[in-house]
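Okay, here's what each chain looks like letter by letter:
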Amino acid sequence: MALPFMIRRVELRNYRSIEHCDVELGPLMFLVGPNASGKSNFLDALRFVADCLNTSVSTALRSRGGFKEVCRQSLECRENSSERFRRLQSSLASPV
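Since we're looking at a predicted model, the values are computed, not measured.

Enquirer: Explain helix 1 (residues 39–54) here, please?
Expert: End to end, helix 1 covers 23 Å across 16 residues, agreeing with the expected 22 Å (1.5 Å per residue, within 8%). Every buried residue of helix 1 is accounted for by Asn 41, Phe 42, Asp 44, Ala 45, Phe 48 and Cys 52. Considered in projection along helix 1, the buried side chains sweep an arc of 160° and stay on one side of the axis. The exposed set on the far side of helix 1, more than 90 degrees from its buried face, consists of Ser 40, Leu 53 and Asn 54.

Enquirer: I tried to follow the nonpolar core on my own but got confused; where do I start?
Expert: A general feature of soluble globular proteins is that nonpolar side chains tend to end up buried together. Leu 12, Phe 42, Phe 48 and Leu 61 are the most contacted members of the largest nonpolar core, which totals 15 residues. Listed by contribution, the elements that provide at least two residues to this core are strand 1 (9–15), strand 2 (18–24), helix 1, helix 2 (57–62) and helix 3 (67–70). Considering every element that reaches this core, the biggest residue donor is helix 1, with 4 residues. Every residue in contact with Phe 42, bar those within four places of it in the chain, is listed here: Val 10, Leu 12, Ile 18, Cys 21, Val 23 and Leu 31.

Reading the values: the criteria
Residues numbered from 1 in each chain as written. Predicted model: local features only at pLDDT ≥ 70, side-chain atom pairs only at ≥ 80, totals over all residues. Heavy atoms only, no water. Helix = DSSP H or I, 4+ residues; strand = E, 2+ residues; numbered from the N terminus. Expected span 1.5 Å × (residues − 1). Buried < 20%, exposed > 50% of the residue type's maximum accessible area, 1.4 Å probe, protein only. Arc of directions from axis to C-beta. Core = buried A, V, L, I, M, F, W, Y, C linked by side-chain atoms within 4.5 Å. Contact = heavy atoms within 4.5 Å.

Okay, structure coming up:
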């Protein structure tokens, strides 16, 4: 029987509208905030990781419109997009 696990922390950088966030999670969490504050993008980041693990990075990105759609549109993100994609692929391919 598999042991249950819980994600205890989520750190995001340059995902859609989120420049950076670092959230400690507990057994019951509520995500609240004003409109356009990034709540949906935070949840989609969790779904994105799940999609990467269940299918592939390419499939998860394609279902969201490609890398440029999930990468926050900052100058740093645009300049380093191909390198970030390679690091994302290799980190998800590495055993934990």
